[in-house]
Amino acid sequence: MKELLDYHKKAFDTMPEAAATAPGRFHLIGEHSWFFKDKTLSMAVDMPVYVSVSKRKDSSLKFYFAEIDDTKRANLTSLKLKKEDRWANAIKAVIYGFTSGGFELCGMNFTVSSKILPSAGFGITTAIKIASALAIGKLFNFNCTDSQILQIIERANKLFLMQKNHIADNFSALYAKKGTLFVTDHNKNSYEHFPFCFEDKKVLMIDTAVPRINTWDEDSLFEPENALLLGDLRELKNNVFGGWQYISDVTDINEAMTVVSEDTRRKLLCIMREHFDVLECINAMQKNDFSRFARAVNHSHESLRDYYDLSCPEIDWLVKRVTEIEPNLEIIHNPVSCGRITGKGFGRCIYTVLRSKDVEKFVQKLAEYDHIFGFKSSCYEVETADGAKTLEIE
């Protein structure tokens, strides 16, 4: 906190009047299922973003990102999305979210501090938005409810940034609890925490540095007829989380899928498999069964690779090294580690959950990866974290 105050004072020659923090996050399973009103399993992690803010006497907006010593400027009366403003666009969007909702603002100075840059993913951009919204709310004593904050973020995403508003991103940054994983139910617009307390396990997030390349347009899958098709394949189940699951009869599934192309069929099957894997992870956490949890995670990666066309050889090589850490073949049925691609785009990031004693082995495999493929990966050991909050300035 003291560093944030110092950064702000150095950049603007004044102390901040309000500050907030929000965690980074990654989605374990189900981040592609939101359009189909399904579920997403997420983890908020101890990669905090800090935002401080002070009022100005004019309508100018000034932004400073401490770790990269980058400064951006804008004006409250002519707020525009600019490609070159990159990370600052997230804060400008939140400001628009306030003003478009009838809140009156003045010029402000913003300082952002994060050890992880938004370009790495890990939910940093969402964390900037949430922390900025809380800091602005405190600065002007708006006393915004959580519902109002979420509406502000939604306007920021849809109307200013012209992008989709993913509630799993917003919920996990705002409502996360340390020691738990977070499930967003898109059908009910709700969330729930599940204890994540597997003993002697470490969670690693790896930026593989594989360039993000879109090999197909994911939006092409998000058509109403595809959502209706999957809706027809649901059956009510009172004993499962969310109250429903997809039917398991292969004949009925294949018959229903005859109306779509083979490529669409495979991708819709992946959505169905993701639903199953989220439920499996929930059951595994409730029963403290790590092998079951790991099988679901590994199965999810296979689905994204084989059905959703989202992985690449570099990512697959690294995930395979995770599953090979324990050489005993029986471990295939009772895995002691798991790994999966995560994040938007083609390639880029993976996460792994493995035994503490195996961390060093995996780091050695990362060195091999760097040598073989020529990318410089980055590895972060992370823990679960609490959601966003305002900070007291002394």
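Residues numbered from 1 in each chain as written. Predicted model: local features only at pLDDT ≥ 70, side-chain atom pairs only at ≥ 80, totals over all residues. Heavy atoms only, no water.

K.L.:
How should helix α2 (residues 88-99) be read in this particular structure?
P.N.:
Because each turn of an α-helix spans 3.6 residues, side chains separated by three or four positions in sequence point in the same direction. A rise of 1.5 Å per residue sets the reference length of α2, with its 12 residues, at 16 Å; its end C-alpha atoms lie 17 Å apart and thus fit the reference within 8%. Counting buried residues in α2 gives 10 out of 12 residues, a clear majority hidden from the surface. Residues of α2 that are buried: A88, N89, A90, I91, K92, A93, V94, I95, G97 and F98. Buried positions along α2 lie against β3 (60-65), β4 (70-75), β5 (108-114), α3 (124-139) and α4 (146-160). (Helix = DSSP H or I, 4+ residues; strand = E, 2+ residues; numbered from the N terminus. Expected span 1.5 Å × (residues − 1). Buried < 20%, exposed > 50% of the residue type's maximum accessible area, 1.4 Å probe, protein only. Contact = heavy atoms within 4.5 Å.)

K.L.:
Looking at this structure, I do not really get the pattern of salt bridges. What am I missing?
P.N.:
Charged atoms that come close allow side chains of opposite charge to pair. The final tally for this structure, using the stated rule, is 27 salt bridges. Across the pair D70 and R86 runs a salt bridge, and its minimum N-O distance is 2.9 Å. Highlighted residues: D70 in strand β4 and R86 in the loop between β4 and α2, separated in sequence by 16 residues. A residue is classified by how much of its surface remains accessible, and D70, at 14% relative accessible area, is buried. The partner of E154 in a salt bridge is K158, with the nearest N and O atoms 2.8 Å apart. With E154 and K158 both in helix α4, this residue pair falls 4 residues apart, about one helical turn. (Salt bridge = Lys/Arg side-chain N within 4 Å of Asp/Glu carboxyl O.)

K.L.:
Got a minute to help me understand unusual backbone geometry in this structure?
P.N.:
The bulk of non-glycine residues show a negative phi, and the bulk of peptide bonds are trans. The backbone of D13 sits at a positive phi, close to 60°, despite the residue not being glycine. Positionally, D13 belongs in the loop between α1 (2-12) and β1 (18-29). On the accessibility criterion, D13 (61% relative accessible area) is exposed. Positive phi, close to 55°, is recorded for M162, a residue that is not glycine. When you line up the elements, M162 lands in the loop between α4 and α5 (167-175).

K.L.:
What am I meant to see in the environment of K267 here?
P.N.:
Structurally, K267 is set in helix α8 (residues 262-286). Residues K267 and R56 lie 211 residues apart in sequence; the distance between their C-alpha atoms is 50 Å. If we ignore the near neighbours within four places in the chain, the residues touching K267 are W216, L221, Y307, Y308 and D309.

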